[in-house]
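Tertiary structure, described
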Amino acid sequence: MIDTTANEARAGQGGEAVANVHPSYLGVFLTFARNSLVRDMTFRANFIIETVSSLSWMAMNLGYYMLIFRFTSSIGRNTGWGEYEFFVFLATTLVVNSIVQAFFMPNCEEFSELIRTGGLDFALLKPIDTQFLISLQKIDWASLSNLLFAIGLLAFSLAHLPAWPTAVQILLYPLYIACGVAIMYSLMITLSATSVWLGRNQTLYDFWFYITNFSRYPMEIYHGTVGSPLRIFFTYIIPVLVVVNVPAQLLAKPLEAQSWPLAVFALFAAAASLWTSRQIFRRAMLSYRSASS
Amino acid sequence: MTTHQLTRRFPLTTWWTVLRISLEERLVYRGDFALGTLMRFLPLVTQVFLWGAIFEAVGTDGSGTIAGYTYQEMVAYYLLTQVSRAFSSMPGLASTIALQIRNGEIKKYLIQPVDLLGFLLLGRMAHKLVYYVVAAGPFALVFFLCRDFFNGWPDLLTMVAFVASLVMSFLLGFFLEATLGMVGFWFLEVSSLLFVYMLFNFFFSGHMFPIDMLPGVWGTIVRGSPLQYLAYFPAAVFLGKIQGEQLAWGLGLEFAWVVVFVILSRVTFHFGVKRYSAYGG
């Protein structure tokens, strides 16, 4: 709250002072995080129910794959995705999803609504980057419980693999998780920015779910006359397949020579996604007509 | 003649009007509807590939089976559960009832000569009828593209049983969700309860996987629950997994569950109204 008051005081000094304000992005982010936590803790019972619900959803999903592995020893023949390798994959999916859900999902949802109702005017007037403001305003702390579950599952599965990952693998893993999150975020902000042109974008989340659904399984399963084009499309055009596959391969499977080009590509894909989404966001802001405000 | 007298004299006219209005309401967004239906098949694409990979690992020549299902049958099963779900899923039914209890809107059913459950049932029927008309195209397209996963049409008796199980799955889905909505008379906020229901429904109705895969006691519990009729049962009937005496028993039990939930929804409504205190506007 102190930060907000300070900002207001500075803003009160006149237009010139506002133009000269260089907000501390980290400070603003931490304030957002704290405010969200305060709000979540105000409704503690609700917070606990949300945590328990999402954890039981995770547990049920894990149960489904444990059931599948009662009938098979691996996903695909000679793909290297045995039970615990696949659980590393699953844990990676959960890590990426929980980060996206905690930080970006509630905000992008809100963004479409801000465009529709004209509430975006207030965000545009604030002396801070609009994309930053609308992307991180709310943090869903309950989703971070999924992250803990995922890290637990990851540690458990790694312990069951023949060899522990090396220091390089462990250091690269967070980097590729960040790349994955960046790709997912770019996709999400792009989809919600389209509300500017489409007026209302109700099927947005269905669409998001359907596209990211492709990221949930090892890319090796997509082969054949239909599978290969799908794999290429979701690797190189909309790169959702590299989101989980690259970090999961990095940890679960010994570093194979042929997986390096993909790992390099993932860095490029993350940067390109962020850049493209930024451009689309800017275009959207230029087309924003402040309807019904 | 007052409206009340009119409905007394022409009860069917009222219900026909309700149905017609609901139909027209639903047809407004038909384009969005058709596109939405087609998109709903997209997650199946990943399932088809996932199971393809699993069966590759199980049997090299495609002869391997999982819980009695070949790869072809497994994919056909997932396609058929989409049909079951098209009948049994009731998006927003329970939450709407609970919301109307909370904000007081339910009062209108208590003063007007219209039965709440009957009104909602007709609304749903209209929704479903429009859905089938609009979704027939996308469904036909997907089933045509995937025709190789099926071993032709089943015999007449199986088809009749399949249609009967689908109609009952619609009724079961409706009355089950309506009963859950009525819980709103006691708790007001039922969203957590509905989440639990959604979770169980997703995993134990057979929507996520054929419940034949469940081992031991889990399988027994799930087979004893009414949820299996919402997705698994009709699909398994079509695939010929349930035949003869088992089929007759299955249909009988499904009917019994429908009756149970018709009664439960009536009883909960009856007692709910008694303790209702008309909160809200």
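1. Focus: the nonpolar core
Generally speaking, a soluble globular protein has its nonpolar side chains buried in company with each other. Core analysis: the biggest nonpolar cluster contains 171 residues, and Tyr-64, Ile-75, Phe-111 and Leu-120 of chain A together with Trp-51 and Phe-209 of chain B have the highest contact counts within it. Counting residues per element, this core draws most heavily on helix α10 (residues 167-193) of chain A, at 14 residues. Leave out the neighbours within four places in its chain, and Leu-120 of chain A touches Phe-111, Leu-114, Ile-115, Ile-134, Met-285 and Tyr-288 of chain A.

2. So, helix α15 (residues 260-287) of chain A
Taking 1.5 Å of rise per residue, the 28 residues of α15 of chain A would be expected to cover 40 Å, and the 41 Å separating its terminal C-alpha atoms lies within 8% of that figure. Every buried residue of α15 of chain A is accounted for by Leu-262, Ala-263, Phe-265, Ala-266, Ala-269, Ala-270, Ser-273, Ser-277, Phe-281, Ala-284 and Met-285 of chain A.

3. Looking at the packing of aromatic side chains
Taken as a whole and judged by the stated rule, the model has 47 aromatic pairs over all chains. Each ring, one from Phe-162 of chain B and one from Phe-238 of chain B, has its centre 4.9 Å from the other, and the planes form 65°; the classification is edge-to-face. Separated by 76 residues along the polypeptide, Phe-162 of chain B in helix α9 (residues 156-182) and Phe-238 of chain B in helix α13 (residues 232-238) bring together distant segments of the chain. In this pair, the class of Phe-162 of chain B matches that of Phe-238 of chain B, namely buried. By the ring-pair criterion, three or more aromatic residues cluster together here, those being Tyr-64, Tyr-65, Phe-69, Trp-81, Tyr-84, Phe-86, Phe-87, Phe-89, Phe-156 and Tyr-217 of chain A together with Phe-209 of chain B. Lying across the ring of Phe-144 of chain B, Arg-147 of chain B places its NZ or CZ 4.1 Å from the centre. The ring of Tyr-69 of chain B has Lys-241 of chain B sitting right over it, with the charged end atom 4.4 Å from the ring centre.

4. Quick word on the packing of helix α4 (residues 44-71) of chain A against helix α11 (residues 191-204) of chain B
Interhelical geometry of α4 of chain A versus α11 of chain B gives an angle of 5° and a closest axis separation of 11 Å. Classed by the angle they form, the pair α4 of chain A and α11 of chain B counts as roughly parallel. Of α11 of chain B, the residues touching α4 of chain A (which contributes Ile-49, Ser-53, Ser-56, Trp-57, Met-60, Asn-61 and Tyr-64 of chain A) are Ser-192, Phe-195, Met-198, Leu-199, Phe-200, Phe-202, Phe-203 and Phe-204 of chain B. Tallied by class, residues from the contact of α4 of chain A with α11 of chain B come to 11 nonpolar, four polar and no charged.

5. Focus: the interface of chain A and chain B
If you look at the interface, chain A gives 29 residues, while chain B gives 33 residues. Taking both partners together, chain A and chain B bury about 2,900 Å²; carbon and sulfur atoms supply 78% of that area. Summed over the shared surface of chain A and chain B, the number is zero salt bridges. Taken together, chain A and chain B are joined by six residue pairs in polar contact (both at pLDDT 80 or more). At the level of elements, α4, α12 (204-212) and α13 (224-237) of chain A are the ones that each hand at least two residues to the side of chain A that touches chain B. For the side of chain A that touches chain B, the per-class residue count stands at 17 nonpolar, 10 polar and two charged.

6. Points about a nonpolar patch on the surface
All names here are of chain B. Taken together, Trp-186, Phe-187, Phe-255, Val-259, Ile-263, Val-267 and Phe-271 make up a surface patch of nonpolar side chains, about 700 Å² in accessible area. Mapped onto the nonpolar patch, the elements with two or more residues apiece are α10 (184-187) and α14 (244-275). Per-element tally for the nonpolar patch: the top contributor is α14, with five residues. Tracing the chain through its elements places Phe-187 in helix α10.

7. Thoughts on the pattern of salt bridges
All names here are of chain A. Following the criterion strictly, the structure yields six salt bridges over all chains and no others. When the shortest N-O distance is used, the salt bridge between Asp-129 and Arg-278 registers 2.8 Å. Taken together, the positions of Asp-129 in the loop between α7 (120-125) and α8 (130-136) and Arg-278 in helix α15 put the pair 149 residues apart, joining distant regions of the chain. Arg-278 sits in the partly exposed class, given a relative accessible area of 23%.

8. Re the packing of helix α6 (residues 93-103) of chain B against α9 of chain B
All names here are of chain B. Two elements in contact, α6 and α9, have axes whose closest approach is 7 Å; the angle formed by their N-to-C orientations is 30°. Comparing the axis directions of α6 and α9 gives the class roughly parallel. For the pair α6 and α9, the crossing hand works out as right-handed. In contact with Leu-93, Ala-94, Ile-97, Ala-98 and Ile-101 of α6, α9 contributes Phe-174, Glu-177, Ala-178, Leu-180, Gly-181 and Met-182. Residues that form the contact of α6 with α9 fall into these classes: nine nonpolar, one polar and one charged.

9. Digging into unusual backbone geometry
Its identity as a non-glycine residue notwithstanding, Ala-67 of chain B has a phi of 50°, on the positive side. The residue Ala-67 of chain B is located in the loop between α4 (42-58) and α5 (71-88) in this model.

10. Overview of the side chain of Ser-84 of chain B
Residue and element names in this part refer to chain B. With respect to the helices and strands, the residue Ser-84 is situated in helix α5. By relative accessible area, which is 0% here, Ser-84 ends up buried. In this structure, Ser-84 is in contact with Leu-166, Ser-169, Leu-230, Ala-231, Pro-234 and Ala-235, ignoring residues within four places of it in sequence.

Parameters at a glance
- Residues numbered from 1 in each chain as written.
- Chains lettered and ligands numbered in written order.
- Predicted model: local features only at pLDDT ≥ 70, side-chain atom pairs only at ≥ 80, totals over all residues.
- Heavy atoms only, no water.
- Core = buried A, V, L, I, M, F, W, Y, C linked by side-chain atoms within 4.5 Å.
- Buried < 20%, exposed > 50% of the residue type's maximum accessible area, 1.4 Å probe, protein only.
- Helix = DSSP H or I, 4+ residues; strand = E, 2+ residues; numbered from the N terminus.
- Contact = heavy atoms within 4.5 Å.
- Expected span 1.5 Å × (residues − 1).
- Phe/Tyr/Trp six-rings, centres within 6.5 Å; stacked < 30°, edge-to-face > 60°.
- Lys NZ or Arg CZ within 6 Å of the ring centre and 35° of its normal.
- Axes fitted to C-alpha atoms, helices over the stretch in contact; angles between N-to-C directions.
- Parallel < 35°, antiparallel > 145°, perpendicular 65-115°, else oblique.
- Nonpolar A, V, L, I, M, F, W, Y, C, P; charged D, E, K, R; others polar.
- Buried area = accessible area lost by both parts, 1.4 Å probe.
- Salt bridge = Lys/Arg side-chain N within 4 Å of Asp/Glu carboxyl O.
- Polar contact = N/O pair within 3.5 Å; in protein donor to acceptor, adjacent residues only side chain to side chain.
- Patch = residues over 30% accessible without salt bridge, like charges linked within 9 Å, V, L, I, M, F, W, Y side chains within 5 Å.
- Areas by Shrake-Rupley, 256 points an atom, 1.4 Å probe, with all protein chains shown as cover.
- Left-handed = near helix turned anticlockwise from the far one by under 90°.

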